[in-house]
Number of protein chains: 2
Amino acid sequence: MMRPVHIAGTGMTKFGKQPESSLKSLAIEAVHGALTDASVSVNDVDLVFFANAVAGSITGQEMIPGQVALGATGLLGRPIYNVENACASASSALQLACMAVASGHAEIALAVGVEKMTHPDKRRALAAIGGALDVELATESGNSDRSPFMDHYAQLAKGYFARTDATPRDLAEVAVKNQHNGSLNPLAQYGASLSVDDVLTARSIVDPLTLLMCAPISDGAAAALVVSEGVAAKLGVIAPRVAACVLTSGVADPEVRGSSTERAAAAAYEMAGIGPDEIDLAEVHDAAAPAELLIYEELGLVPKGDGAKFIRSGGAALGGSTPINTSGGLLARGHPIGATGLGQIHELVLQLRGAAGPRQVTGASRALAHNSGGWLGADNAGTVVTVLTN
Amino acid sequence: MMRPVHIAGTGMTKFGKQPESSLKSLAIEAVHGALTDASVSVNDVDLVFFANAVAGSITGQEMIPGQVALGATGLLGRPIYNVENACASASSALQLACMAVASGHAEIALAVGVEKMTHPDKRRALAAIGGALDVELATESGNSDRSPFMDHYAQLAKGYFARTDATPRDLAEVAVKNQHNGSLNPLAQYGASLSVDDVLTARSIVDPLTLLMCAPISDGAAAALVVSEGVAAKLGVIAPRVAACVLTSGVADPEVRGSSTERAAAAAYEMAGIGPDEIDLAEVHDAAAPAELLIYEELGLVPKGDGAKFIRSGGAALGGSTPINTSGGLLARGHPIGATGLGQIHELVLQLRGAAGPRQVTGASRALAHNSGGWLGADNAGTVVTVLTN
């Protein structure tokens, strides 16, 4: 970061199946929420980074979703950039907004992520997700009854079981925790008090994953206003500092060069001057339950191989040493692909302000968001790691 | 611009119908061309902005086209941003690359634009272009025998005829000029020595536009390396300076606030400290012939209403006072949507280096690129105006 940047406000719609909503209605609600939260007038916004991943496939709105979705917000006329990075689209937009403000190019940059996934034909949403793979390689493996990513996560889980003592019960523990957290979040898609057996006996999606171990299809939007230190001071709102926001792309040899998550995390910790042991809470990309266990390790929150141990110990739960996915995560808060990364930021800002209600992490002052997207065969296509501090 | 930025090298594939090509093969050729031209090693590239507009519709490759297309270039691992802005996607990527270097965030940023439009079913390419409109408003007006934009340009032409003394012959003059220029450009899709009557008697697309007044469907890629002044000095290549690169979005009331082209041009002239009368040559967004006449006026190259007068006078031709579209423009060089803006930059860099061969503009030292995309009903969705100087 070249000069300090802050998040002055965030907005978020409820995540969930909202067949009556549109890209436009969702975008407007999230943008107005962020502007109101930050006490910023729409006229003061310098530029907009707009994230969306599947509107092209689902609605036919390709190429200019930002200008179309924001038409009624008063933001037209400004620079509007449409940014894509699959499930990491929203945090990629946030990263560019941070760059624009940190560099002095802008004083107030708006990052918006919007996704409209529900469609009368559910297979269309599932097929659309396949656009986040290399389609030349992926076209033959598609199974339109589930997201192609779930086959990938199932393989990941099996590999993890083979090299550690983890079992499907540990995956279920992740789902139990995140459903509990979701039950405390009024904007979450789901939330329930479940047992490990409830999760294990849910409908099988692809062995070893059951329905409750897979992120749902969601509609939703989230937005954040990134501002300079000077603007933050004038606004008189609690505006957490962006201590780091790093985007990396995946590589063909992550075992040699490090995965996109490992490289983004290392760079973010260095930029923030904060180690993983100093992180008070994190929102991570649990698109499926096994991913969360691996991410604990890749972020350095626990030693390699200790992911299952961490979930069993309660360390990742509310009240634990490092609560993970207090919002409910992708599994329970929901996963409107192009909005997810900014949904994570909304949760972290609430936590750092002490405004997270029944899911508040006591004394939260250093928080991390991890958002990955796409799959290149051996690594995610892109990952963003953000560190916010009070 | 916060610190001076330069274009150290460009690369461009031939534009045209290349059914055997892929996003990957096109991207690789343009990227290697730019790296070689700039004498920059792939390892020295800090980050990549990747532009594409219709791969989602044509090939199913949504969300992560950059990571997929660049897989074999050695660029993976770096930050890769996928940027969309319809026909202005490539120049939006360039604008972000300039921002990243100008701000000190990066020393060497790569902007790449790639498009693969040809498809065994031509209607698919034409329908895909409709994704650059507000699909909620546009779905009923589509005619799959032509791009929906040609109906728009036909209306624009009729309005222009009504308020000036312009006639279809003036539109034909634009096509004659650009086809001539294309015939001098080995990378252009088309190029021919045509008469005004040849153009007027070509197949009618939608009155008053004939086939030769409409940009073709093209495959192609182009890339530019944006570098800091320090890097430019070390490389020992002729690296034109980016005196301005401005993105604006469209508005609902362009007659009040100015069109995106007018506002982008005004901001670019101010940033560059150069007036329109000082521009030696320009590449402009002639997606259809009438647009070129209007753009002369919106860029302030001629007074309002004098567009037709300018083309008739020969002022826009090679050897004229301000040669326009020396590359052949979209009409003859071709219009692979997501690559076009960087194709324009490739031409301007050749011209500023005195390396444009038979189409060289003598003494070219101040050049402008104008790239617009999408349509919101009264204005383009986005426009980028770039000014390069020696």
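Draft legend 1. Quick peek at the interface of chain A and chain B. In this assembly, 56 residues from chain A lie in contact with 56 residues from chain B. Here chain A packs against chain B, burying approximately 4,200 Å² in sum over the two surfaces, 56% of which is carbon and sulfur. If you sort the residues of chain A by the area they bury against chain B, M63, Y81 and E84 of chain A come out on top, with a joint share of 17%. Inspection of the chain A/chain B interface yields zero salt bridges. Put simply, chain A and chain B have 20 residue pairs in polar contact (both at pLDDT 80 or more) between them. With five residues, strand β3 (residues 80-84) of chain A is the largest single contributor of residues to the side of chain A that touches chain B. Taken together, the residues of the side of chain A that touches chain B break down into 28 nonpolar, 20 polar and eight charged. In this structure, β3 of chain A lies alongside strand β3 (residues 80-84) of chain B, joined through three bridges in antiparallel fashion. In the sheet register, V83 of chain A faces β3 of chain B, and the bridge partner there is V83 of chain B.

Draft legend 2. Focus on the relation of the copies chain A and chain B. Mapping chain A onto chain B is achieved by rotating through 180 degrees and translating by 0.0 Å along the same axis, at an RMSD of 0.0 Å. Taken together, the rotation and translation describe the operation of a two-fold axis. Comparing contact sets, 100% of the residues at the interface of chain A also lie at the interface in chain B, consistent with an isologous, same-surface contact.

Draft legend 3. A look at the side chain of Q95 of chain A. Along the polypeptide, Q95 of chain A turns up in helix α4 (residues 89-102). For Q95 of chain A, a relative accessible area of 5% corresponds to the buried category.

Draft legend 4. Fine view of the packing of aromatic side chains. Residue and element names in this part refer to chain B. Considering all chains together, one arrives at four aromatic pairs over all chains under this definition. Each ring, one from F49 and one from Y81, has its centre 4.6 Å from the other, and the planes form 15 degrees; the classification is stacked. Taken together, the residues F49 in strand β2 (residues 47-51) and Y81 in strand β3 connect sequence positions 32 residues apart. Classification of F49 as buried rests on a relative accessible area of 0%. On the numbers, 5.0 Å between centres and 85 degrees between planes, the contact of Y296 with F310 is edge-to-face. One end of the pair, Y296, is in helix α13 (residues 289-298); the other, F310, is in helix α14 (residues 307-313), and 14 residues separate them in sequence. A relative accessible area of 9% places F310 in the buried class.

Draft legend 5. The environment of N178 of chain B, seen in detail. Residues and elements named next belong to chain B. Within the secondary structure layout, N178 lies in helix α8 (residues 168-183). For N178, a relative accessible area of 0% translates into the label buried. C-alpha separation for the pair N178 and E262, spaced 84 residues apart in sequence, amounts to 23 Å. Within the local environment of N178, its side chain forms a polar contact with the side chain of K177, the two groups lying 2.5 Å apart.

Draft legend 6. Seen up close, unusual backbone geometry. The peptide bond linking D207 of chain A to P208 of chain A adopts the cis configuration, its omega dihedral lying at 5 degrees. With respect to the helices, strands and loops of the structure, P208 of chain A is situated in the loop between β5 (204-206) and β6 (209-210). Of note, the phi angle at A86 of chain B is positive, near 55 degrees, even though the residue is not glycine. For A86 of chain B, the position within the fold is in the loop between β3 and α4 (89-102). Classification of A86 of chain B as buried rests on a relative accessible area of 0%.

Draft legend 7. Layout of the pattern of salt bridges. A complete count under the given rule lists 26 salt bridges over all chains for this structure. A salt bridge links R3 of chain B to E107 of chain B; the shortest N-O distance between them is 3.0 Å. Here E107 of chain B lies in the loop between α4 and β4 (108-115) and R3 of chain B lies in the segment before β1 (5-12), a separation of 104 residues in the sequence. With its nearest N and O atoms 3.5 Å apart, the salt bridge here joins K116 of chain B to D219 of chain B. Residue K116 of chain B is located in the loop between β4 and α5 (122-129), and its partner D219 of chain B is located in the loop between β6 (209-210) and β7 (220-228); the two are separated by 103 residues in the primary sequence. Looking at K116 of chain B, the relative accessible area reads 8%, which means it is buried. Look at D219 of chain B and you get buried, because its relative accessible area is 0%. When salt bridges with common partners are traced through the structure, they connect D165, D170 and R312 of chain A into a single cluster.

How each quantity is defined
- Residues numbered from 1 in each chain as written.
- Chains lettered and ligands numbered in written order.
- Predicted model: local features only at pLDDT ≥ 70, side-chain atom pairs only at ≥ 80, totals over all residues.
- Heavy atoms only, no water.
- Contact = heavy atoms within 4.5 Å.
- Buried area = accessible area lost by both parts, 1.4 Å probe.
- Salt bridge = Lys/Arg side-chain N within 4 Å of Asp/Glu carboxyl O.
- Polar contact = N/O pair within 3.5 Å; in protein donor to acceptor, adjacent residues only side chain to side chain.
- Helix = DSSP H or I, 4+ residues; strand = E, 2+ residues; numbered from the N terminus.
- Nonpolar A, V, L, I, M, F, W, Y, C, P; charged D, E, K, R; others polar.
- Pairing = 2+ DSSP bridges.
- Least-squares fit on C-alpha atoms with pLDDT ≥ 70 in both.
- Buried < 20%, exposed > 50% of the residue type's maximum accessible area, 1.4 Å probe, protein only.
- Phe/Tyr/Trp six-rings, centres within 6.5 Å; stacked < 30°, edge-to-face > 60°.

Geometric descriptors of this kind do not, in isolation, establish any biological role.
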